[in-house]
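Below are the chains, spelled out letter by letter.
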Amino acid sequence: MVVANPNVVLRRASPADVDAVAEFNSRLHDDSRLGIWTRDAMSGRHPTMNAASFLLAVERRTDQIVSLACLIPQTWTYDGIALTVGQIETVGTDPDYRRQGLTRAIIEALHRESEENGHLVQAILGNPWWYRRFGYEYALTFGGRRHLELADLEALAEKAHPRFQVRPAETIDIPALSSLYQQQCAGKLLVLDRDRERWHFDLTGHSPGSLFEARNWLLQDHSESTAGFFRTLAPLFDGRLVVTDLVAEKDVGLSELLPTICQSLQHQLSDEVVRLTFDLGMTHPAYQALEEILSALDRPYAWYVRVPDLPALVNRIKPVLERRLADAGLSDLNESLCLSFYEDGLRMKFEKGRLAEVVSQPGEDQSDAAFPPLVFLKLLFSYRSLAELLHAFPDCWATPQATEILNVLFPRRISWVQSMG
């Protein structure tokens with residue numbers, strides 16, 4: 001694949017490029033941990049990636065890497081409906097080769113690959129604003145953190161109950177881990193699907209020092225029955241030990257487990273740790289249990305989301321939309337809902353509460369509601385309510401009838417999608 005610079009060509013990485021790609025990522029992002037993760041991702045052990053997942057821009061004469069990015073295939077679920085997603089990451093260009101269109105050429109090529117692979121959504125976690133130029137919009141909350149001071153951690157650890165024990169999780173524990181993870185995700189709209197291969201990689205695939213190296217811990221009672229699970233990131237972030245998963249079995253109170261969890265976390269402390277961070281999303285039972293001693297919720301970041309075929313995505317979640325109509329007493333709805341995005345639009349035709357047709361259409365004036373380009377994605381992914389969008393965007397509007405239907409179809413919901421490391 002040729003780019004505008006005649007001295008640079010795009011090509012797939014191969015196993016022979018592992019050292020060069022890892023070195024490039026480490027150097028460009030000033031983080032050796034990312035280089036270690038790159039080696040893991042290219043090793044063939046990763047559940048959805050290999051060396052060819054990286055697209056390189058190289059000097060034609062020397063084959064030196066000057067720009068690259070990778071595609072991480074994965075699955076999210078939308079209220080139980082599986083969505084295929086392509087996450088674009090490790091985007092970077094050597095300073096001497098910037099402003100030559102290399103990043104755009106790579107991202108557009110990865111978009112084509114993602115769409116050819118049937119991905120309904122592309123997603124990026126990246127620098128503020130920058131990826132809007134590639135058709136992305138902030139449309140899904142990422143993270144949500146609250147912090148605990150070490151003195152409070154010590155006080156909780158002293159209350160640990162001898163009934164519970166903590167041990168490192170093993171591959172034999174994958175069924176229990178998967179069940180607990182599903183409990184943790186219950187009630188969330190969008191979540192990352194973790195299949196057996198993903199769990200296996202999380203338990204065995206991360207090399208020491210990787211940016212995504214994690215430690216998975218299982219809690220058991222004296223009878224060795226599973227009581228809960230939590231995960232900590234091995235790398236420290238700004239002197240913080242980070243907990244990214246925490247869940248108790250349904251018949252075990254989380255408040256019962258927290259002192260034992262805190263005791264285990266205390267054993268993981270080092271001289272470099274200054275406080276503990278619970279990175280568990282916008283809401284979590286642990287936040288309520290520790291409300292009096294946790295910091296306020298940090299302002300979360302957000303996923304950039306791109307939807308190349310909006311009718312296809314809406315059709316995919318049709319069972320969810322029809323169920324919402326039925327639950328709201330609108331199972332006999334016969335209506336065409338025309339949405340304008342000014343440059344284009346979308347028409348959803350309902351017959352007796354069923355979504356009979358979803359098609360793109362021009363952004364006509366005879367619409368029932370209007371959203372500036374890409375803003376509808378915030379409603380589609382329940383990142384913002386219709387009322388919030390109407391308040392924030394003067395060029396967003398809806399008729400009373402459209403308002404009623406849109407509020408039923410796309411209510412405000414909490415999601416929790418972790419990064420696919």
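K.L.:
So what exactly am I meant to see when it comes to the overall build of the protein here?
P.N.:
Within the protein one finds 13 helices and 19 strands. Dimensions along the principal axes, computed over C-alpha positions, put the protein at roughly 65 × 65 × 35 Å. Evaluated residue by residue, the protein yields a buried proportion of 54% over its 421 residues. Long-range contacts, defined here as pairs at least 24 residues apart, represent 70% of the contacts in the protein between residues at least 6 apart.

K.L.:
Quick question: what am I supposed to make of the pattern of salt bridges here?
P.N.:
Opposite charge on two side chains lets them pair, provided their charged atoms get close. One pass over the full model with this rule turns up 29 salt bridges. Across the pair Asp79 and Arg323 runs a salt bridge whose closest N-O atoms are separated by 3.2 Å. Taken as a pair, Asp79 in the loop between strand 3 (65-78) and strand 4 (81-93) and Arg323 in helix 10 (residues 318-327) lie far apart in primary sequence, 244 residues in all. Its salt-bridge partner being Glu388, residue Arg412 comes within 3.3 Å of it at the nearest N-O pair.

K.L.:
Can you walk me through the sheet that holds strand 19 (residues 397-398) in this structure?
P.N.:
Sheets are built from strands that pair by backbone hydrogen bonding, the pairs being arranged parallel or antiparallel. Ordered in space as 17-16-15-18-19, the 5 strands form an open sheet in which the pairing is mixed. Edge positions in the sheet fall to strand 17 (354-361) and strand 19, since each of these pairs with one other strand and no more. Pairing analysis gives 6 bridges linking strand 15 (residues 335-340) to strand 16 (residues 345-351), with the strands arranged antiparallel. Looking at the pairing, Ser340 lines up with Gly345 of strand 16.

K.L.:
Looking at this structure, how should I read the side chain of Asp31?
P.N.:
Locating Asp31 in the fold gives a position in the loop between helix 1 (18-28) and helix 2 (32-42). Among the residues examined, Asp31 registers a relative accessible area of 17% and is labelled buried. Among the polar contacts listed, one links the side chain of Asp31 to the side chain of Arg33, at a separation of 2.9 Å. Sequence-distant contacts of Asp31, that is, excluding residues within four places in its chain, are made with Ser26 and Leu211.

K.L.:
Help me understand helix 13 (residues 400-409), please; the structure alone is not making it clear to me.
P.N.:
Structural remark: α-helix, 3.6 residues per turn; residues separated by three or four positions point the same way. Buried residues of helix 13: Ala402, Ile405, Leu406, Val408 and Leu409, and no others. The buried residues of helix 13 occupy one face: seen down the axis, they fall within an arc of 160°.

K.L.:
Teacher, can you tell me more about the pairing of strand 5 (residues 121-124) here?
P.N.:
Along any regular strand, the residues point their side chains to alternate faces of the sheet. The alternating pattern of strand 5 places Val121 and Ala123 on one face and Gln122 and Ile124 on the opposite face, and all of these are buried. In the sheet, strand 4 pairs with strand 5 via 3 bridges, with the strands oriented parallel. Looking across to strand 5, one finds that Gly86 is bridged to Gln122. A crossover links strand 4 with its parallel partner strand 5, the connecting element being helix 3 (residues 102-116), and its sense is right-handed.

K.L.:
What am I meant to see in the pairing of strand 14 (residues 301-306) here?
P.N.:
In terms of burial, strand 14 is largely enclosed, as 5 of its 6 residues are buried. Judged from the 5 bridges that link them, strand 6 (residues 137-142) and strand 14 form a sheet pairing that is antiparallel. Residue pairing across strands places Phe142 opposite Tyr301, the latter belonging to strand 14.

K.L.:
Would you mind going over the packing of aromatic side chains with me for this structure?
P.N.:
We describe a pair of aromatic rings using the distance from one ring centre to the other and the angle between the two ring planes. Tallied over the full model, the rule gives 18 aromatic pairs. Taken together, the aromatic side chains of Trp130, Tyr131, Phe134, Tyr136, Tyr138, Tyr301 and Tyr304 make up a single cluster linked through ring pairs. Over the aromatic face of Trp199 sits the side chain of Arg194, whose NZ or CZ is 4.8 Å from the ring centroid. Geometry around Tyr383 places Arg384 over its ring, the cationic atom sitting 4.0 Å from the centre.

K.L.:
Help me out: how do you make sense of helix 3 in this one?
P.N.:
Under the 1.5 Å per step criterion, the end-to-end length of helix 3 is 21 Å for 15 residues, consistent within 8% with the ideal 21 Å. Within helix 3, burial applies to Leu102, Thr103, Ile106, Ile107, Ala109, Leu110, His111, Glu113 and Ser114. The positive-phi residue at the C-terminal boundary of helix 3 is Gly118, with phi of around 85°.

K.L.:
Can you help me understand the sheet that holds strand 8 (residues 165-168) in this one?
P.N.:
The mixed open sheet is built from 6 strands, whose spatial order is 7-13-12-11-10-8. Strands at the two margins of the open sheet, each flanked by one partner only, are strand 7 (145-149) and strand 8. Within the sheet, the average angular offset between the axes of one strand and its neighbour, ignoring direction, is 30°. Across 4 bridges, the pairing between strand 8 and strand 10 (residues 214-220) is antiparallel. Counted as the bridge partner of Val166 is Leu219 from strand 10. Sheet strands touched by helix 6 (residues 196-204): strand 10 and strand 11 (226-233). Its angle to strand 10, the strand with the most contacts, is close to 105°. Where helix 7 (residues 254-267) meets the sheet, its contacts fall on strand 8, strand 10, strand 11, strand 12 (240-248) and strand 13 (275-279), and the angle it forms with strand 12 comes to roughly 150°.

The rules behind each value
Residues numbered from 1 in each chain as written. Predicted model: local features only at pLDDT ≥ 70, side-chain atom pairs only at ≥ 80, totals over all residues. Heavy atoms only, no water. Helix = DSSP H or I, 4+ residues; strand = E, 2+ residues; numbered from the N terminus. Buried < 20%, exposed > 50% of the residue type's maximum accessible area, 1.4 Å probe, protein only. Contact = heavy atoms within 4.5 Å. Salt bridge = Lys/Arg side-chain N within 4 Å of Asp/Glu carboxyl O. Pairing = 2+ DSSP bridges. Polar contact = N/O pair within 3.5 Å; in protein donor to acceptor, adjacent residues only side chain to side chain. Arc of directions from axis to C-beta. Right-handed = clockwise from strand over helix to strand, strands pointing away. Phe/Tyr/Trp six-rings, centres within 6.5 Å; stacked < 30°, edge-to-face > 60°. Lys NZ or Arg CZ within 6 Å of the ring centre and 35° of its normal. Expected span 1.5 Å × (residues − 1). Axes fitted to C-alpha atoms, helices over the stretch in contact; angles between N-to-C directions.

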